[in-house]
Amino acid sequence: MTAVTSASVTPLTARLVVTGASGQLGRALLRLAPGARGYGRGDLDIVDADSVRRVVRPGDVVLNCAAYTAVDLAESEVDAAFADNATGPAVLASACAEAGARLIHLSTDYVFPGTSDRPYEPTDPTGPSTVYGRSKLAGEQAVLDLSPEARIVRTAWVYTGRGADFVATMRRLERERETISVVNDQFGSPTYAPDLAAGLIELAERLPETGEQAGMPRILHATNAGQASWFDLARAVFTGLGADPARVHPCGTEDFPRPAPRPAYSVLSGRSWAAAGLTPLRDWRAALNDALHAISD
């Protein structure tokens, strides 16, 4: 099966609604599905039930990319994190169930404790250690309870290489500093937003004709294939830019203390995605090379 890329998207026949459309994943979705209805934070407050009901129509596939993603700030802004990551998804799930729409809700590797030594499967026990992770897990549970046809897609380490994501930060630091130190004891699944968007559109296309009774799991994992530490990813960025990767030095998590603890290992297994008949996402290195070339072009 050929790995999915943003160039391999088939035309979408389902009516797609994208919440969180101003974020990096939302923007990638709208580029691949320009006929979708996109709503940024200023257009739609997903916590407002009346507003959500006015947006959701029968037959829609709603792709919820809206989220509170400030992992460290969430430790002190608990109510705000739970409003966006738990209450909002609950409102969307209820509206979709009432209208006869399907919901695809984006979640995160942070719902796991980060202590595994093998890639996490969707059925593995959760155990978030941060407010952000707990709020996202609460959102998952609400979606599962309130919208029987909804699907949850967990992903991780999403980037475009623009703005303020990790890859973009490494690009900036390569220009500004002779050497940098990056943690080498946290492992995850780097995921290029356009590749994830292509996979989500494939899932959205299949949802109108595929229900739980047909065997598709309620929870799926979607990331680019393979795993890396932040150090590995940083060195790959430098290499892709034509810079010397030896300028990136390894360090430990203890060298960069943060308000919210980061998982040591949160690699997500793609087996559930492939088993559902969906096209696997390509290796993260190939995706990163394309991301860097797209930026340079």
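The structure this text deals with has already been given above.
Reading guide: rules and limits
Residues numbered from 1 in each chain as written. Predicted model: local features only at pLDDT ≥ 70, side-chain atom pairs only at ≥ 80, totals over all residues. Heavy atoms only, no water. Phe/Tyr/Trp six-rings, centres within 6.5 Å; stacked < 30°, edge-to-face > 60°. Buried < 20%, exposed > 50% of the residue type's maximum accessible area, 1.4 Å probe, protein only. 1 Å grid on protein atoms, 1.4 Å probe; cavity = no way out; pocket = protein on both sides within 12 Å on 5 of 7 lines; lining within 4 Å. Points joined across faces, edges and corners; volume = space filled by probe spheres on them. Helix = DSSP H or I, 4+ residues; strand = E, 2+ residues; numbered from the N terminus. Salt bridge = Lys/Arg side-chain N within 4 Å of Asp/Glu carboxyl O. Contact = heavy atoms within 4.5 Å. Pairing = 2+ DSSP bridges. Axes fitted to C-alpha atoms, helices over the stretch in contact; angles between N-to-C directions. Expected span 1.5 Å × (residues − 1). Parallel < 35°, antiparallel > 145°, perpendicular 65-115°, else oblique. Left-handed = near helix turned anticlockwise from the far one by under 90°. Nonpolar A, V, L, I, M, F, W, Y, C, P; charged D, E, K, R; others polar. Core = buried A, V, L, I, M, F, W, Y, C linked by side-chain atoms within 4.5 Å.

Student: Run through the packing of aromatic side chains, naming residues and quoting values.
Tutor: Under the counting rule described, the total for this entry stands at five aromatic pairs. Considering the side-chain rings of F112 and Y120, the 4.1 Å spacing of their centres and the 10 degrees angle between planes classify their relative orientation as stacked. Comparing F112 with Y120 shows no difference in burial state: the two are buried. Put simply, the rings of W157, F166 and W230 pair up and form one aromatic cluster.

Student: Tell me about the layout of surface pockets, and name the residues and values.
Tutor: A volume near 210 Å³ is recorded for the second largest pocket. Along the wall of the second largest pocket there are 13 residues; nearest its centre are R31, T160, R162, Y192 and P194. The element that contributes the greatest number of residues to the lining of the second largest pocket is helix 1 (residues 24–32), accounting for five residues.

Student: Give a detailed account of the pattern of salt bridges, specifying residues and quantitative values.
Tutor: Under the definition given, this model contains 16 salt bridges. The salt bridge involving E149 is made with R102; its shortest N-O contact spans 3.8 Å. Taken as a pair, E149 in the loop between helix 4 (131–146) and strand 5 (151–155) and R102 in strand 4 (residues 102–108) lie far apart in primary sequence, 47 residues in all. When its relative accessible area of 19% is taken as the criterion, R102 is described as buried. The salt bridge partner of R285 is D283, with a shortest N-O separation of 3.1 Å. Linked through salt bridges whose partners overlap, the residues forming this network are R15, R37 and D60.

Student: Give a detailed account of the side chain of R37, specifying residues and quantitative values.
Tutor: Position of R37 relative to the elements: it lies in strand 2 (residues 37–39). Using a relative accessible area of 18% as the deciding quantity, one classes R37 as buried. Sequence-distant contacts of R37, that is, excluding residues within four places in its chain, are made with L16, V17, V18, V55, R57 and D60.

Student: Mind laying out the sheet that holds strand 5, listing which residues take part and the relevant values?
Tutor: Across the sheet, six strands lie side by side as 2-1-3-4-5-10; this open sheet has parallel pairing. If you trace the sheet from one side to the other, it starts and ends with strand 2 and strand 10 (219–221), each paired once. If you compare each strand with its neighbour and ignore which way they point, the axes differ by 20 degrees on average. Sheet strands in contact with helix 3 (residues 78–99) are strand 1 (15–19), strand 3 (60–64) and strand 4, and its direction is about 160 degrees off that of strand 4. Sheet strands touched by helix 4: strand 4, strand 5 and strand 10. Its angle to strand 4, the strand with the most contacts, is close to 160 degrees.

Student: Account for helix 6 (residues 193–206), naming residues and giving values.
Tutor: The terminal C-alpha atoms of helix 6, which comprises 14 residues, lie 20 Å apart, in line with the 20 Å expected from a rise of 1.5 Å per residue. Here helix 6 lies mainly inside the structure; eleven of its 14 residues are buried. Listed as buried for helix 6 are A193, P194, D195, L196, A197, A198, G199, L200, I201, L203 and A204.

Student: Hey, could you go over helix 4 for me, with residue numbers and the actual values?
Tutor: The end-to-end C-alpha distance of helix 4, which contains 16 residues, comes to 22 Å, matching closely the 22 Å that a straight helix rising 1.5 Å per residue would cover. All of the buried residues along helix 4 are V131, Y132, G133, S135, K136, L137, G139, E140, A142 and V143. Along its buried surface, helix 4 packs onto helix 3, strand 4, strand 5 and strand 10.

Student: Which residues make up the packing of helix 5 (residues 166–176) against helix 7 (residues 230–240), and what values do they have?
Tutor: Relative orientation and spacing of two packed helices are given, respectively, by the angle between their axes and the distance between those axes. Relative to each other, helix 5 and helix 7 sit at 55 degrees, their axes nearing to 10 Å. Viewed along their axes, helix 5 and helix 7 adopt a mutual orientation that is oblique. With respect to the hand of their crossing, helix 5 and helix 7 are arranged in right-handed fashion. Contacts between helix 5 and helix 7 involve F166, V167, M170, R171 and E174 from the first element and W230, L233, A234, V237 and F238 from the second. Taken together, the residues of the contact of helix 5 with helix 7 break down into eight nonpolar, no polar and two charged.

Student: Before we move on, could you go through the nonpolar core and cite the residues and values that matter?
Tutor: Membership of the largest hydrophobic core comes to 33 residues, with the highest contact counts inside it found for V182 and L288. Looking at this core, the elements with two or more residues in it are helix 5, strand 7 (180–183), helix 7, strand 12 (248–251) and helix 9 (284–296). No other element matches helix 7, which puts seven residues into this core. Not counting residues up to four positions away in its chain, the partners in contact with V182 are F166, M170, W230, F231, A234, V248, H249, P250 and C251. Listed in part, the 29 residues of the second largest apolar core include L63, L200, A204 and L220.

Student: Explain the pairing of strand 3 to me, and be specific about the residues and the numbers.
Tutor: Most of strand 3 is tucked away, with five of its five residues classed as buried. Side-chain alternation along strand 3 places D60, V62 and N64 on one buried face and V61 and L63 on a second face that is also buried. In this structure, strand 1 lies alongside strand 3, joined through five bridges in parallel fashion. When the bridges of strand 3 are listed, R15 appears paired with D60. Taken together, the four bridges between strand 3 and strand 4 define a ladder with parallel strand orientation.

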